[in-house]
Amino acid sequence: MNSAERTPGLTPDFTTEDLQSLQATVERFAKQAIAPHVPAWEEAGQFDRSLYTQAAELGLLGLGYPEHLGGTPAPWRARNAMSQTLARYSGSGGVMASLFSHNIGLPPVMAHGSAELQAEVVPPVLRGERIAALAITEPGGGSDVASLRTMARADGADYVIDGEKVFITSGLRADWITLAVRTDVASKGASGISMVVVPGDTPGISRTRLHKMGWHSSDTAQLRFDSVRVPQRYRLGNEGAGFKMIMGNFNGERLAMSAMALGFAQACFDEALDWARQRQTFGAALIERQVIRHKLMDMQMRISSTQAWVDAVTQQADAGQTGAEWVAQVCLLKNHATQTMQFCADAAVQLLGGMGYMRGTVSERVYREVKVMMIGGGAEEIMKELAAKQLGI
C-alpha cells in the first residue's frame, strides 16, 4: 500500500510526500516573500502586485483547479494545509485575504460558468496576471443575502447593472468581479437572484477604499455600479439560481477560514513561546513560571482540538460526505476555530506584555484581525442558526 492510500484525504495524484513538499514550500515562501514585508505593506494599505505572480509560479494560486485551466488538482486536505501553513508563518490575514480572493471569486465560475467563460477568466488569474473578487454584501444587507438590491436589467444581449456592494476584498484592484445581482425586479426574495461575472474595466464602476481595524494590507472597497453594461453570456448558470450558488460557495470559504484561523492561533503560540523563553524577569526566563507554562498549555489545548476538528471535516469533504450534517459541522468549526484564534491572540498579547501592544508583533496584528474572521463568511450567530437548521433543531 502506498503512502497516498494510507493517508485519508489524499489521492494517488497527490501523495503524502507531495503534501510535505507543499508545506515546506509554503513555509519558505511565507518567511522569505511575505513576513519581512508585512509591516511596510500594512502602512501602504496593500502589498506589491508582484506577489501574485510569485505565488502563481510556485503553483499556490492554482492549487485545487483543473490542469487544462492552468491549475493543479488537489484535495481539500492539501488546500487547507497550504492555508494553515501560510497563516502560521506569514502572520498576516490581510495578505492572505487579497492574495487568495480568487478562491471565493472563481468557484462559482468553475461550478456554473460555461467552458468559454472559464477559459477567458480563470487562466490569467491563476498565472497571477489578473485579480478576481467576489461581491455579495451590500450596505445595510449584511448576512441577509436574499434581500440584495443590486439590479441587472436585461437589455438585448446585455445586462445593465445598477447598485452598490460593500466590504469587497480586492475590490480596488479586481479585474474580474463575481457579482450577485437581482435579475427578477419583481422578486424581493432569493428566487430572483443571479450571478454575473463583470470585467473590472467596464465603464460605470466606481471604487472607494474602506479603512479597517485590521487586514490593513488587504485592499477593501465599496463598489458602485451605474448603468454598467455586461453581456448576458457572463451570467453563471440560469437566471434566478444565484442564491443557491452563493450558499454553496460559503461552505468552502468557511472551511478555508477555519484552517486559516488555526494557523493564526499557531502563529500567536509560536511568538508567545519564543518570547517566554527569551524574556528574563526577576532573574529567570518567563517560561520558568508555572503560570506562563499553564497559559501556553491553555493555548495548545485549543489548538489541538481545532486541528483535530479541521482534519475530520476536511477528510469528510475529500470523501464527498458534504450533506446537511457536514454543513452544520463546517459552521460550528468556523466558530470554534475563530474562537481559538481569539483566545490565542489575547493570551499571546497578555504574555508579551508591553511588546504585545506594539505594532510589528504578530500577536498584535492577529489580535486586530480576529473580529473580521469571526464576522466574515458568516457571523457567529448566523453560523449557529444555520447549523441548527441543518441538524433539524
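Small disclaimer: the values here were computed from a predicted structure and weren't measured.

Trainee: Give me the environment of Arg233: which residues, what numbers.
Mentor: The topology assignment puts Arg233 in the loop between β7 (220-231) and β8 (235-236). Here the alpha-carbon distance between Arg233 and Glu116, two residues 117 residues apart in the chain, equals 9.5 Å. Residues contacting Arg233, with those up to four places away along its chain left out, are Leu117 and Glu120. Of note is the side chain of Arg233, whose polar atom sits 3.3 Å from the side chain of Glu120.

Trainee: Please set out the side chain of Thr361 residue by residue, giving values where relevant.
Mentor: Topologically, Thr361 is positioned in the loop between α12 (324-352) and α13 (362-375). Given the relative accessible area of 8%, Thr361 is considered buried. In contact with Thr361, not counting residues within four places along its chain, are Glu271, Leu352, Met355 and Gly356.

Trainee: Which residues make up the pairing of β7, and what are the values?
Mentor: Inspection of the sheet shows strand β3 (residues 158-169) paired to β7 by nine bridges, in the antiparallel sense. In the sheet register, Ile161 faces β7, and the bridge partner there is Val228. With five bridges joining them, strand β6 (residues 205-209) and β7 adopt antiparallel strand pairing. Considered in β7, the bridge of Arg209 is made with Ala221.

Trainee: Which residues make up the nonpolar core, and what are the values?
Mentor: With 74 residues, the main nonpolar core has Leu51, Leu296 and Met299 as its most contacted residues. Sort the elements by how many residues they give to this core and α12 lands first, with 14 residues. If we skip the residues at most four places from it in the chain, Leu296 touches Phe269, Ala272, Leu273, Ala276, Ile287 and Leu351. Counting residues in hydrophobic clusters, the runner-up holds 42 residues, among them Leu117, Leu236, Met245 and Ile246.

Trainee: Describe the packing of helix α2 (residues 16-34) against helix α5 (residues 76-90), listing the residues and the values that go with them.
Mentor: At a minimum axis separation of 9 Å, α2 and α5 run at an interaxial angle of 30°. When the interaxial angle is binned, α2 and α5 end up roughly parallel. The two elements α2 and α5 meet at a crossing, and its hand is right-handed. Of the residues in α5, those touching α2 at Leu19, Leu22, Gln23, Val26, Glu27, Phe29, Ala30, Lys31 and Ile34 are Arg77, Ala78, Ala81, Met82, Thr85, Leu86, Tyr89 and Ser90.

Rules of the game
Residues numbered from 1 in each chain as written. Predicted model: local features only at pLDDT ≥ 70, side-chain atom pairs only at ≥ 80, totals over all residues. Heavy atoms only, no water. Helix = DSSP H or I, 4+ residues; strand = E, 2+ residues; numbered from the N terminus. Contact = heavy atoms within 4.5 Å. Polar contact = N/O pair within 3.5 Å; in protein donor to acceptor, adjacent residues only side chain to side chain. Buried < 20%, exposed > 50% of the residue type's maximum accessible area, 1.4 Å probe, protein only. Pairing = 2+ DSSP bridges. Core = buried A, V, L, I, M, F, W, Y, C linked by side-chain atoms within 4.5 Å. Axes fitted to C-alpha atoms, helices over the stretch in contact; angles between N-to-C directions. Parallel < 35°, antiparallel > 145°, perpendicular 65-115°, else oblique. Left-handed = near helix turned anticlockwise from the far one by under 90°.

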